[in-house]
Amino acid sequence: MTSFSKSIGMMKNVSTTAEPVATKRTHSAPPPASAGQEDTWLLEPEEELRARVSDLEFWYGDGTQAIQKLNMPLVDKRVTALIGPSGCGKSTFLRCLNRMHDLYKGVKYSGEITLMPENVNLIELDPMVVRLRVGMVFQKPNPFPKTIYENTIAGLRIRGIKKRAVLDEMAEKSLRQAALWDEVKDRLHQSALSLSGGQQQRLCIARALAVQPDILLLDEPTSALDPIATARIEDLLNELEGQVTILMVTHNMQQAARISNYTAYMYMGQLVEFNETDALFTRPKCQRTEDYISGRFG
Amino acid sequence: MATLNQTISDAQGHASLVRRNKNQDILIAGLGMLILVIAISTLLAMFLDLFITGLPRLQDPDFYMSFPSRKAEQAGILSAWVGTILVMIVTAAISIPLGVAAGVYLEEYAGSNWMTDLIEINVTNLAGVPSIVYGLLALGLFIYAFGMSETVLVAGLVLSLLILPVIIVSTREAIRSIPEAYKEAAIGLGADQWQTTYAYILPAARPGIITGAIVGLSRAIGETAPIITIGALTYIAFLPNAPISGDFPFINFDWITSPFTVMPIQMFSWVSRPQAEFQINAAAAGVVLMVLTLMMNAIAIYIRYKVRHKD
Ligand SMILES: Nc1ncnc2c1ncn2[C@@H]1O[C@H](COP(=O)(O)OP(=O)(O)OP(=O)(O)O)[C@@H](O)[C@H]1O
Ligand SMILES: [Mg+2]
């Protein structure tokens, strides 16, 4: 990609940031006739699923119950956005999916997260096995204090891959996927901490992609970034559609609308509505969703 | 409420508040400066006094290359500085791996139950035990119970015991200061606990660990009491076998079991002699020991400085 076409791409995206909620798919939807009367609404997608969450509950070590009877499908190779007011349990839910909570003491899960073709319950698997298949990108870029190259292939090293050729190839491939290759190809062996925040976050995405995860979790990956860096990451996520199953937390509803195929709205540890993104934003089935997306609260 | 609002918007009040705070700042800064000047000038005066007294011997190259002798002007510190370096090598080789491993275990692996609480309290307390008590322990355990003699190895062991708490505590602190985000990043990539610790946490904690180790070693280098307690000789007129030789197998560890003396003991032996000439030797040896210690501390400070200015 030339820098010219890149900057066009960036400009296009920057401008969309300012627009009101414009959904990803272009077919025009009628404005919400009347907000739905449902209390909760769970769409049954027609596409293939990668996972199904059934009656998931989660407790922190201090006894706080942060997730209550949560049900939700996760569609294969599609982007699902997770929205909801602060403290409603989005991060907690995301971290259930790679068993990150198991690092801390006294946590408790109940219910099931069934991984689809295999039909196994993720909660009963060894957390190490889960994390080898489910990647994660955090809110704050957290590259290791090592070189760019070493950061990119960190997951491969952890999996015991030593062949230089394989590592080099995967490093280039995932840096390209994360749209970072052109910016760093001449400085692969410099410290990752010398990169800008947006570059660091794309590096973290490259690091997560290098191990070819089945599911990629992103927790507000752009909230610490400026609009240009945000736009680049949104482009990247758009490109990943069709390749990886993505679940992403965001506070930015325009962003959810721009990049996701499905959206889930959570409130107080529960799922209120799961629907196709344009349907959820234009014809929400639940009054609570309507209130939230129209900015009446939250 | 009204009075509160008045106070808040009272410009004159603000001015006097600012003035009071500024005066306080000046007072505290001045007091700190005074204490600092007193501390530094005491140290400097001591060092200068030693330096001036010891100057005749310090200028003499033979001083560094001769064994102790009954004649003060021929006596040197060769066996002492070689002994100090060998003992330091043994101490570092024992205390750093053990201390770091213990720190990693306590911080990353041990859960928190009454056992680890007990260990934690004991480690902290051990740091405050007078060094001569370690000497007594080593005398009873290594010399009497295990039948070892007063060798470089035993000296290294007792000094290792002495500084282990320092290294354990600083390792734990260094690990604790690593952001949780690094750990979660590594774990999130599928790393197990050992991979996370070894490949990601320890490298990031390295500066803190090295600093702690050097602080511990600079304490060990000046220790006299425990080494005298285990019965180190004060008069050694030979060097241990060199660790590297021209003949097969080129490396030997004979020096570990060799009798030895160290700088502080050499000083102590000279100070306790009646002749004034030996006091000159003692002062000169003191300068060398202080320079060694200051050099080690300088390395620790340099490492900390480098880390702080890296990001
Ligand atoms: N370590 C913890 N121990 C106990 N309770 C916690 C812990 N972390 C989060 N919680 C609680 O769990 C609930 C959900 O928190 P969570 O971080 O998942 O919210 P969130 O939706 O991600 O919010 P935000 O949008 O602000 O990131 C909150 O009520 C929070 O107080
Ligand atoms: Mg969160």
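Thresholds, definitions, all that
Residues numbered from 1 in each chain as written. Chains lettered and ligands numbered in written order. Predicted model: local features only at pLDDT ≥ 70, side-chain atom pairs only at ≥ 80, totals over all residues. Heavy atoms only, no water. Helix = DSSP H or I, 4+ residues; strand = E, 2+ residues; numbered from the N terminus. Rg over C-alpha atoms; globule rule 2.2 N^0.38 Å. Buried < 20%, exposed > 50% of the residue type's maximum accessible area, 1.4 Å probe, protein only. Contact = heavy atoms within 4.5 Å. Areas by Shrake-Rupley, 256 points an atom, 1.4 Å probe, with all protein chains shown as cover. Patch = residues over 30% accessible without salt bridge, like charges linked within 9 Å, V, L, I, M, F, W, Y side chains within 5 Å. Salt bridge = Lys/Arg side-chain N within 4 Å of Asp/Glu carboxyl O. Near = heavy atom within 4 Å. Polar contact = N/O pair within 3.5 Å; in protein donor to acceptor, adjacent residues only side chain to side chain. Nonpolar A, V, L, I, M, F, W, Y, C, P; charged D, E, K, R; others polar. Core = buried A, V, L, I, M, F, W, Y, C linked by side-chain atoms within 4.5 Å. Domains from an automatic or database assignment. Phe/Tyr/Trp six-rings, centres within 6.5 Å; stacked < 30°, edge-to-face > 60°. Lys NZ or Arg CZ within 6 Å of the ring centre and 35° of its normal. Pairing = 2+ DSSP bridges. Buried area = accessible area lost by both parts, 1.4 Å probe. Axes fitted to C-alpha atoms, helices over the stretch in contact; angles between N-to-C directions. Parallel < 35°, antiparallel > 145°, perpendicular 65-115°, else oblique. Left-handed = near helix turned anticlockwise from the far one by under 90°.

Caption draft 1: A look at the overall build of chain B. In terms of helices and strands, chain B carries twelve helices and zero strands. The order of α-helices and β-strands along chain B, N terminus first, is α-α-α-α-α-α-α-α-α-α-α-α. Against the 2.2 N^0.38 benchmark of 19 Å for 311 residues, chain B shows a C-alpha radius of gyration of 26 Å, more extended than a compact globule. Taken along its principal axes, the extent of the C-alpha atoms in chain B is 85 × 55 × 35 Å. In chain B, which comprises 311 residues, the proportion classed as buried is 40%. Counting contacts in chain B only where the partners sit at least 6 residues apart, residues at least 24 apart contribute 75% of the total. Summed over all atoms, the accessible surface of chain B reaches about 17400 Å², with 69% contributed by carbon and sulfur.

Caption draft 2: Just a nonpolar patch on the surface, in detail. Residue and element names in this part refer to chain B. On the surface, a nonpolar cluster with roughly 770 Å² of combined accessible area is contributed by Met-33, Leu-36, Val-37, Ile-40, Leu-44, Leu-48, Phe-51 and Ile-52. If you trace the backbone, Ile-52 turns up in helix α2 (residues 11–58). The class of Ile-52 is exposed, set by a relative accessible area of 58%.

Caption draft 3: Structural view of the site of ligand 1. All names here are of chain A. Not every one of the 13 residues close to ligand 1 is listed here, only the nearest: Ser-86, Lys-90, Ser-91, Thr-92 and His-251. A distance of 3.4 Å is found between a nitrogen atom of ligand 1 and a side-chain nitrogen or oxygen belonging to Tyr-60. Interatomic distance of 2.6 Å between a side-chain N/O atom of His-251 and an oxygen atom of ligand 1. For ligand 1, whose accessible area on its own is 640 Å², the fraction buried by protein is 62%. At three residues, the largest contribution of residues to the shell around ligand 1 is made by helix α2 (residues 90–97). A per-class count over the shell around ligand 1 returns three nonpolar, seven polar and three charged.

Caption draft 4: Summary view of the nonpolar core. Grouped together as the largest cluster of nonpolar side chains are 62 residues, with contacts concentrated most on B:Ile77, B:Ile227, B:Phe260 and B:Trp270. Counting only elements with at least two residues in this core, the list comes to α4 (78–109), α6 (131–145), α7 (152–176), α9 (193–222), α11 (263–271) and α12 (276–308) of chain B. Counting residues in each nonpolar core, the second largest holds 38 residues, with A:Leu70, A:Met72, A:Val249 and A:Leu271 among its members.

Caption draft 5: View of the domain arrangement of chain B. Residue and element names in this part refer to chain B. For chain B, the domain assignment lists domain 1 (1–55) and domain 2 (61–310). Each of domain 1 and domain 2 has a C-alpha centre, and these two points are 37 Å apart. Tallying the contact residues gives six residues for domain 1 and seven residues for domain 2. Joining domain 1 to domain 2, the criterion identifies zero salt bridges. Here domain 1 and domain 2 share zero residue pairs in polar contact (both at pLDDT 80 or more) between them. A per-class count over the side of domain 1 that touches domain 2 returns four nonpolar, two polar and no charged.

Caption draft 6: The arrangement of the packing of aromatic side chains in detail. Per the counting criterion, the structure on display carries ten aromatic pairs over all chains. Aromatic pair A:Tyr265 and A:Tyr292: ring centres 4.8 Å apart, planes at 25°, arrangement stacked. Here A:Tyr292 lies in helix α12 (residues 287–293) and A:Tyr265 lies in strand β10 (residues 262–267), a separation of 27 residues in the sequence. As far as burial versus exposure is concerned, A:Tyr265 and A:Tyr292 are alike and both buried. A ring pair is formed by B:Phe142 and B:Phe146, whose centres lie 6.1 Å apart and whose planes are at 55°; its orientation type is tilted. Residue class for B:Phe142 comes out buried when judged on its relative accessible area of 9%. Three or more aromatic residues joined by ring pairs make a cluster, and in this case those are A:Phe58, A:Tyr60 and A:Tyr109. One Lys or Arg, A:Arg99, reaches over the ring of A:Tyr109 and ends 5.4 Å from the middle of that ring.

Caption draft 7: Structural view of the pairing of strand β7 (residues 134–137) of chain A. All names here are of chain A. The alternating pattern of β7 places Val-134 and Met-136 and Gly-135 and Val-137 on opposite faces, both of which are buried. The pairing of β7 with strand β8 (residues 215–219) spans four bridges and is parallel. Bridge pairing links Gly-135 to Leu-216 in β8.

Caption draft 8: Spotlight on the interface of chain A and chain B. Facing 21 residues of chain A, the contacting portion of chain B comprises 18 residues. In total, chain A and chain B occlude about 1800 Å² of area from one another, counting both sides; carbon and sulfur atoms represent 64% of this. Connecting chain A to chain B are one salt bridge. Ionic pairing is found between B:Glu184 and A:Arg95, a salt bridge with its closest N-O pair at 2.8 Å. On the surface where chain A and chain B come into contact, there are seven residue pairs in polar contact (both at pLDDT 80 or more). Of all the secondary-structure elements, those providing two or more residues to the side of chain A that touches chain B are α3 (127–133) and α5 (154–158) of chain A. Partitioning the side of chain A that touches chain B into residue classes produces twelve nonpolar, three polar and six charged.

Caption draft 9: View of the packing of helix α8 (residues 197–209) of chain A against helix α9 (residues 227–240) of chain A. Residues and elements named next belong to chain A. Axis separation between α8 and α9 bottoms out at 9 Å; the angle between their running directions is 20°. In terms of orientation, α8 and α9 fall into the roughly parallel class. Taken as a pair, α8 and α9 cross one another with a handedness that is right-handed. Residues Gly-198, Gln-201, Arg-202, Ile-205 and Leu-209 of α8 touch α9, and the partners they reach there are Ala-229, Arg-232, Ile-233, Leu-236 and Leu-240. Of the residues in the contact of α8 with α9, the class split is six nonpolar, two polar and two charged.

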